[in-house]
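# Report on the structure
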Amino acid sequence: MKTHIQSQPHSPPDSSVDPEFLYQPLLPSRNTAVNSSSQVAIVGANLCPIESLDYEIIENDFFKQDWRSRGKPLIFQYIFLKWSLCFLIGFIVALIGFCNNLAVENLAGIKFVVTSNMMLSRRFGMAFLVFLLSNFALTFVATIITVFVAPAASGSGIPEVKAYLNGVDAPSILSFSTLITKVVGSITAVSSSLLIGKAGPMVHTGACVASLLGQGGSKRYGLTWRWMRLFKNDRDRRDLVTCGAAAGIAASFRAPVGGVLFCLEEMSSWWRSSLLWRAFFTTAVNAVVLRALIDFCRSGKCGLFGKGGLIMYDVTSANTTYHLEDMPPVLLLGFIGGILGSIYNYLLEKVLQLYNFINGKSNGYKIFFALSISIFTSCLLFGLPFLVSCQPCPADAMEACPTIGRSGNYKKFQCPPGQYNDLASLIFNTNDDAIRNLFSKNTDDEFQKSSMAIFFCTCFFLSIISYGIVAPAGLFVPVIVTGASYGRFVGMLIGSRSNLNHGLFAVLGSAALLGGSMRMTVSLCVIILELTNDLLLLPLIMLVLLISKTVADGFNGNIYDLIMKMKGFPYLETHAEPYMRQLAVSDVVTGPLQLFHGIEKVGNIVHVLRTTRHHGFPVIDEPPYSEKEVLFGLVLRAHLITLLKKKAFAPTPTVLTSVVAFSQFSSEEFSKRGSGYQENIEEVELTEEEMNMYIDLHPFTNTSPYTVVETMSLAKALTLFRDVGLRHLLVIPKHSSRSPVAGILTRHDFMPEHILGLHPLLGRSKWKRLRFQNPQWLKFL
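- As annotated in an unreviewed UniProt entry, the protein carries the name Chloride channel protein and is attributed to Kalanchoe fedtschenkoi.
- Within the UniProt record for the protein, the comment given under Subcellular location (unreviewed entry) is "Membrane".
- As stated in UniProt under Sequence similarities (unreviewed entry), the record for the protein gives "Belongs to the chloride channel (TC 2.A.49) family."

Have a look at this one:
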């Protein structure tokens, strides 16, 4: 995604470069600055160069020949492979999700069982030491593997996948090492009692699985699958990654429909009906496989993974009833949830800014910082239950009281026989079991107000300070836990003045905080319904989500957009800023511009590729190859490097016929490499004689690139650029007497940093002030 406008050298450094090589100035405007918007982003804990994805179909002679040569068998193979890959994605992600939960429940379960047994024998010091050291070791493993194997695996992964589906390609975010690190790091980090979730990492995991399957093998590992060559392009890989992200949500919450809607509402920037069908098929396969594996484990063959796990249980309230007088508390719940969600996002943004500074130092700082957070968390979780009083076991308890073992609603902790510690029942459990305890019905008298208030504050702040460590960590589950404690606390305050039980308030509280922090409505509503298996909650959840999102939008953006902006990903929003309607594309295009002739000298091409980082170049024809100077099309940098490596040169300027071109090249040679891979001009070695030869670019040039006239508004150009999924947008002059190309718009030309850098007065306009005050409301203008 490098800007296509850079300063030109005054003279070529090599005598082999044609002195008549075309350096065409751009628009005769005052915009001569170089696009200085960021071309790097924070991937993991490192600054990495970023590029754009080529979603546009390259309509050159090879593209036409490729499709003309496809008969019914090849078309059937293409369709069959699409559905087969969707099946494999759903199946593999389900296996990973199951193994993830199996490992977490057993690792964390063994830790809690050993600690609880020591607590029963009143060996509190030894119990604390076991709890602290086990959490320390698990955090150490998660941090070490992330720091040294794949730093791109740290964090949730949802912002990275969302940016990828928007057209941003960052190194290693979907690599095999990232996949392995994401799985192992997520298991160990979640098992270490850090208040982080596994839903976000599962979305990233699903995207990695889909991307790797779509690459059609690897030459590095000797896996060259010719039958997968049809998917060596960014368009098909984008669809597969979308299906993989949907499968990740489905595997996390056992919510296949919610996973599809999550990608439609939050993740994907481009959608169509056929993609909807394939994503739905992927999540359906995922749900069936997951259910089969869960049923197998219910026979007791999976260790402690018998009843735990967020994807396994149903929170049912068969007799859910509510009346008109119950609406005010629900409305209040949504309103406060929106405020809390915006505060949560604000604090998390500030904390992540501090963490970026710390993580930008040496690896030792990152590891030490993560281990410090682990020690602090262990001390806090172990010490807080001692602050609350013990409760007598209820006479009508549905399970053993006090609880003996790993999970349960009645943890004994330090209490005498016949009593339980309600705060320990939430803290001394996995996040999944804590949610189950909070969501459970007929437990209105189980928790104290003080315990719930302490648990809410603990979850709220621990989830914020735990997210920024260099390890795979999600936000979905921590927000659900925090919202459930908030909702149940509100239910306790309201008491008998409402017909709703406290478990239902916990569900609505989770919806309120999710809506306030993540700003989604439809997908969250369906995920919660599939999670609780209670369709009667639909009106209340819809109401809470709408209110919390509306309130929170008045303060800041959703959490994933804030993280993307902080990381530096050039994400294109669905709406244009108001000041973009006041600007034409000529106001942001900077110069000068580099062009190629239809038949170009090899030395000129090599010089341009070595002195610039542009990824697309206009190709023009002029007499004697055309009546006048005209735009022929656009040629990609990767295709030029392929031509140079092949060395299909001619000693004189000669037109290369399609028949000759097809005999020298195949369409597979121009297919896209794996994600994050960039062609390198330094790998090309040419002699002095070869540098003075010529290449006919006509057969390899996209003859139908998207173009806009220089007077088009920037807002209208942004809509076209984003909706079509472009990487380059050619700007042509309004008057034919000038050059056939006026410039090229790339992703960075639409970034506010670049636009306001060229036109600083816009930053002090009334629109800028309004945008600062109400950033989300302007999308409705």
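## Some points on the pattern of salt bridges
- Per the stated rule, a full pass over the model turns up 16 salt bridges.
- Between E160 and K567 there is a salt bridge whose closest N-O contact spans 3.2 Å. Separated by 407 residues along the polypeptide, E160 in helix α4 (residues 158-166) and K567 in helix α19 (residues 559-567) bring together distant segments of the chain. One exposure class covers both E160 and K567, and it is buried.
- D553 is the partner of R519 in a salt bridge, and the nearest nitrogen-oxygen pair spans 3.3 Å. Placement of R519 in the loop between α16 (502-518) and α17 (522-532) and of D553 in helix α18 (residues 538-553) is noted, with a sequence separation of 34 residues between them.
- One network of salt bridges, with partners in common, ties together R238, D239, R272 and R278.

## Description of a nonpolar patch on the surface
- A grouping of F140, V141, F176, I180 and V184 is seen on the molecular surface, where their side chains present a nonpolar patch of about 410 Å² in accessible area.
- Sort the elements by how many residues they give to the nonpolar patch and helix α5 (residues 176-191) lands first, with 3 residues.
- Mapped onto the fold, V184 is located in helix α5.
- On the accessibility criterion, V184 (33% relative accessible area) is partly exposed.

## With respect to the pairing of strand β13 (residues 616-621)
- Counting buried positions over the 6 residues of β13 gives 6, a clear majority of the element.
- Across the two faces of β13 the burial is the same, with G616, P618 and I620 and F617, V619 and D621 all buried.
- With 6 bridges connecting them, β13 and strand β14 (residues 630-636) associate as antiparallel partners. Bridge assignment links V619 to a residue of β14, and that residue is G633.

## Examining the sheet that holds strand β16 (residues 707-709)
- As summarised here, the arrangement of the 3 strands in space is β16-β17-β18, forming an open sheet in which the pairing is mixed. Edge positions in the sheet fall to β16 and β18 (743-745), since each of these pairs with one other strand and no more. If you compare each strand with its neighbour and ignore which way they point, the axes differ by 35° on average.
- Where strand β17 (residues 729-732) lies against β18, 3 bridges are found, and the strand directions are antiparallel. Across the sheet, L730 pairs through a bridge with I744, a residue of β18.
- Relative to the sheet, helix α24 (residues 714-724) contacts β16, β17 and β18, its axis offset from that of β17 by approximately 145°.

## What about the sheet that holds strand β11 (residues 596-597)?
- Spatial ordering of the open sheet is given by β11-β13-β14, a layout of 3 strands whose pairing is mixed. Each edge of the open sheet is held by one strand with a lone partner, namely β11 and β14.
- Across the face of the sheet, helix α21 (residues 637-646) comes into contact with β11, β13 and β14 while running at roughly 80° to β14.

## Quick word on the state of the cysteines
- Considering all chains together, one arrives at 1 disulfide under this definition.
- With a sulfur-sulfur separation of 2.0 Å, C390 is cross-linked through a disulfide to C415. Here the disulfide of C390 and C415 is left-handed, its torsion about the S-S bond being about -95°. With C390 in the loop between α11 (363-383) and β8 (391-392) and C415 in the loop between β8 and β9 (419-420), this residue pair connects regions lying 25 residues apart in the sequence.
- Of the residues examined, C415 reaches a relative accessible area of 0% and is grouped as buried.
- Its sulfur unpaired, C263 is 8.1 Å from the next cysteine sulfur, which belongs to C243.
- The exposure class assigned to C263 is buried, which follows from its relative accessible area of 0%.

## Topic: the side chain of Q594
- Topologically, Q594 is positioned in strand β10 (residues 593-594).
- Since its relative accessible area comes to 3%, Q594 is described here as buried.
- Only 3.4 Å separates the side chain of Q594 from the side chain of H614, close enough to count as a polar contact.

## Describing the packing of helix α3 (residues 124-148) against α11
- The geometry of α3 relative to α11 is characterised by a closest axis approach of 9 Å and an angle of 150° between their N-to-C directions. Judged by the angle between their axes, α3 and α11 are roughly antiparallel. As α3 packs across α11, the resulting crossing turns out to be right-handed.
- Tallied by class, residues from the contact of α3 with α11 come to 17 nonpolar, 6 polar and 1 charged.

## Considering α16
- Here α16 contains 17 residues, and its C-alpha end-to-end distance of 24 Å stays within 8% of the 24 Å for a straight helix at 1.5 Å per residue.
- Of all the 17 residues making up α16, 17 are buried; the element is thus mostly covered by neighbouring parts of the structure.
- Its side-chain oxygen placed 3.0 Å from the backbone nitrogen of G503, N501 serves as the N-cap of α16.

## Topic: the confidence of the model for the protein
- Summary statistics for the protein give a mean pLDDT of 82 and a share of 84% for residues scoring 70 or more.
- The model gives residues 19-37 a pLDDT under 50, and that stretch makes 55 contacts with residues more than four places away or in other chains.
- Below a pLDDT of 50 lies the segment residues 308-314, which in the model reaches 35 contacts outside its immediate sequence neighbourhood of four places, other chains included.

About the thresholds
- Residues numbered from 1 in each chain as written.
- Predicted model: local features only at pLDDT ≥ 70, side-chain atom pairs only at ≥ 80, totals over all residues.
- Heavy atoms only, no water.
- UniProt positions renumbered as here; feature names shortened; annotations may be inferred.
- Salt bridge = Lys/Arg side-chain N within 4 Å of Asp/Glu carboxyl O.
- Helix = DSSP H or I, 4+ residues; strand = E, 2+ residues; numbered from the N terminus.
- Buried < 20%, exposed > 50% of the residue type's maximum accessible area, 1.4 Å probe, protein only.
- Patch = residues over 30% accessible without salt bridge, like charges linked within 9 Å, V, L, I, M, F, W, Y side chains within 5 Å.
- Areas by Shrake-Rupley, 256 points an atom, 1.4 Å probe, with all protein chains shown as cover.
- Pairing = 2+ DSSP bridges.
- Axes fitted to C-alpha atoms, helices over the stretch in contact; angles between N-to-C directions.
- Contact = heavy atoms within 4.5 Å.
- Disulfide = S-S within 2.5 Å.
- Polar contact = N/O pair within 3.5 Å; in protein donor to acceptor, adjacent residues only side chain to side chain.
- Parallel < 35°, antiparallel > 145°, perpendicular 65-115°, else oblique.
- Left-handed = near helix turned anticlockwise from the far one by under 90°.
- Nonpolar A, V, L, I, M, F, W, Y, C, P; charged D, E, K, R; others polar.
- Expected span 1.5 Å × (residues − 1).
- pLDDT = per-residue confidence, 0-100.

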